[in-house]
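Architecture and fold: a report
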Amino acid sequence: MEIFYTREEIGEYLKKMRDVGRTIGLVPTMGALHNGHISLINAAKKKSDIVVCSIFVNPTQFTDQKDLDNYPRPQEEDVRKLEEAECDVVFLPAVEEMYAKEESWHIDLGKLDQVMEGSVRPGHYQGVTQIVKKLLDTVMPDFAFFGQKDYQQFMIISWMVKKLNIPVKLVLCPIVREPGGLAMSSRNVYLSDAEKAEATAVYKALLQAKNEFGLFSLSELKERVTRALRSRPGIEPEYFEVVNAETLEPVADNDPANIIALAAAKVGKIRIIDNMILK
Ligand code: AMP
C-alpha cells in the first residue's frame, strides 16, 4: 500500500497509473475508520483498479472548534485497517497541504443546504464541498464513493459535480449498522454502552416510519415518529423529516417521488444522524 502526504506526490503517482489505463476510485474519509468506511473501500475495489482512501479531518466543515479538537485521529490503526482491506493508496495530507492561509470558497447549493444538517450546522456544507472539490482535483478519480449515512452530503456533492462539470461518477453505498441497528460512525466511540443502547432509538424511529409509511398521512406519520422519539430516554431529537429524496423538499401525500426519512438527535454530547428510504 502506498502512502502519500503531499498533493504533488500522489498526483504524480496517479498520473502514471492513469497513463497505463488504470481506473481510480476515491473514498474520502476523516479517519477513525470503522466497517462503514471499509464497505466503501470494498465497493471501490469492485469498480476500480486503484483504490485511494483519503484521511483528512477537514477543519472548514466543523462548526464547533471543540468538536474539531476532539475528533478521533487513530492514524496508525487506520493505516493498518486499510492495509488489511487491501486498499492501494492512502492520502494523509496535513491541513497546510490542503489549505493556503487566506482562502475563501462559496458555492451556491440552492435549497439543499438550507435544511436539516445545513440549517443546524450553517457553513458545514460549504466546508464539505470545498474539501471534496480539492480531493477530486488532486486524485482525479473515475469514481468516488460515499455513504448513504450522510445522504444530504451525497446530494450536495452530486449537485456540485453537476454544476462544476466534474468528470467523476459518484457511487452511493448503503449504511452499515451495529448489531442493534445504530448506524456506525466515528463519533460512536464517545458513547457509553448505555448511550449506545439509547441511540438505537433513532434507528427504531426510522424503522417505525418505514413500517407505518402509507398507513397515515405524512404529517401524521411525522408527528407519530417524532412523539415516539421524544419519549425515548436519553434522546434529544433535533429533527425528523420526510422529504423528496432528490430535492430534499417537503412532499405531499401521494407524491410519486422517491421519499426518504432523515433524523438527527443528541445522545449525551454526541450527535447521531441517520436516514432510511421509505419509497
Ligand atoms: P466520515 O469519515 O465520517 O467523513 O465518512 C466518510 C465516508 O464514509 C462518508 O461518505 C460517509 O457517508 C461514509 N460512512 C460513514 N459512516 C458510514 C456507515 N455507517 N455506513 C456507510 N458509510 C458510512
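Quantities reported herein were computed from a predicted structural model and do not represent experimental measurements.

Comments concerning the site of the ligand
Within the structure, the ligand sits among 16 residues, and His37, Gly147, Asp150, Val176 and Met184 are positioned closest to it. Within the contact set of the ligand, an oxygen atom lies 2.9 Å away from a backbone nitrogen or oxygen of methionine 30. Methionine 184 is positioned such that a nitrogen or oxygen atom in its backbone is 2.9 Å from a nitrogen atom of the ligand. For the ligand, whose accessible area on its own is 480 Å², the fraction buried by protein is 93%. Listing elements by their share of the shell around the ligand, those giving two or more residues are strand 2 (24–29), helix 2 (35–47) and strand 5 (143–147). Counting residues per element, the shell around the ligand draws most heavily on helix 2, which supplies three residues.

A short note on the pairing of strand 9 (residues 270–277)
Counting buried positions along strand 9 yields six of eight residues, so the element is predominantly enclosed. Pairing of strand 8 (residues 259–267) with strand 9, which is carried by eight bridges, proceeds in the antiparallel orientation. The partner of alanine 264 across the bridge, within strand 9, is isoleucine 273. The antiparallel pairing of strand 8 with strand 9 creates a hairpin that spans two residues between the two strands, and glycine 268 there sits at a positive phi of about 60°.

Brief notes about the state of the cysteines
As enumerated under the stated definition, the model contains zero disulfides in all. Just so you know, cysteine 87 is unpaired, no disulfide at all, and the nearest cysteine sulfur is the one on cysteine 53, 5.3 Å from it. Given the relative accessible area of 5%, cysteine 87 is considered buried. Free of any disulfide, cysteine 173 has its nearest neighbouring cysteine sulfur in cysteine 53, separated by 12 Å. The exposure class assigned to cysteine 173 is buried, which follows from its relative accessible area of 4%.

Section: the pattern of salt bridges
Scanning the entire structure with this criterion turns up 15 salt bridges. In this structure, glutamate 249 engages lysine 111 in a salt bridge whose closest nitrogen and oxygen atoms are separated by 3.9 Å. Placement of glutamate 249 in the loop between strand 7 (235–244) and strand 8 and of lysine 111 in the loop between helix 5 (95–98) and helix 6 (117–120) is noted, with a sequence separation of 138 residues between them. The exposure class of glutamate 249 is partly exposed, given its relative accessible area of 31%. Between arginine 271 and glutamate 238 there is a salt bridge; the shortest N-O distance is 2.7 Å. Highlighted residues: arginine 271 in strand 9 and glutamate 238 in strand 7, separated in sequence by 33 residues.

A closer look at the pairing of strand 2
Most of strand 2 sits out of view: six of its six residues are buried. Sheet topology places strand 2 next to strand 3 (residues 50–55); six bridges connect them, and they run parallel. Counterpart to glycine 25 in the pairing with strand 3 is valine 51. Looking at chain direction, strand 2 and strand 5 are connected through two bridges and run parallel. Within strand 5, the residue paired with glycine 25 across the bridge is phenylalanine 143.

Details of the packing of helix 7 (residues 124–139) against helix 8 (residues 151–163)
A packed helix pair is summarised by two numbers, namely the angle formed by the two axes and the spacing between the axes. Running from N to C, helix 7 and helix 8 cross one another at 55°; their axes reach a closest spacing of 10 Å. Compared by their axis directions, helix 7 and helix 8 come out oblique. For helix 7 against helix 8, the interelement crossing comes out right-handed. Only Gln152, Gln153, Ile156, Ile157, Met160 and Val161 of helix 8 make contact with helix 7, whose side of the interface consists of Tyr125, Val128, Thr129, Val132, Lys133 and Leu136.

A short note on the sheet that holds strand 2
As summarised here, the arrangement of the six strands in space is 1-4-3-2-5-6, forming an open sheet in which the pairing is parallel. In this open sheet, the two strands that pair with only one neighbour each are strand 1 (2–4) and strand 6 (169–173). Averaged over all neighbouring strand pairs, the angle between strand axes comes to 25°, with direction disregarded. Against the sheet, helix 7 engages strand 2, strand 3, strand 4 (89–91) and strand 5, with an angle of about 150° to strand 2.

Quick notes on the environment of leucine 262
Tracing the backbone shows leucine 262 in strand 8. For leucine 262, a relative accessible area of 5% puts it in the buried group. Put simply, leucine 262 and glutamate 178 are 84 residues apart on the chain and 18 Å apart in space, counted from C-alpha to C-alpha. Leaving out residues up to four positions away in the same chain, leucine 262 has contacts with Met116, Tyr151, Leu206, Tyr239, Phe240, Glu241, Val243, Asp274 and Asn275.

Basis of the calculations
- Residues numbered from 1 in each chain as written.
- Predicted model: local features only at pLDDT ≥ 70, side-chain atom pairs only at ≥ 80, totals over all residues.
- Heavy atoms only, no water.
- Near = heavy atom within 4 Å.
- Polar contact = N/O pair within 3.5 Å; in protein donor to acceptor, adjacent residues only side chain to side chain.
- Areas by Shrake-Rupley, 256 points an atom, 1.4 Å probe, with all protein chains shown as cover.
- Helix = DSSP H or I, 4+ residues; strand = E, 2+ residues; numbered from the N terminus.
- Buried < 20%, exposed > 50% of the residue type's maximum accessible area, 1.4 Å probe, protein only.
- Pairing = 2+ DSSP bridges.
- Disulfide = S-S within 2.5 Å.
- Salt bridge = Lys/Arg side-chain N within 4 Å of Asp/Glu carboxyl O.
- Axes fitted to C-alpha atoms, helices over the stretch in contact; angles between N-to-C directions.
- Parallel < 35°, antiparallel > 145°, perpendicular 65-115°, else oblique.
- Left-handed = near helix turned anticlockwise from the far one by under 90°.
- Contact = heavy atoms within 4.5 Å.

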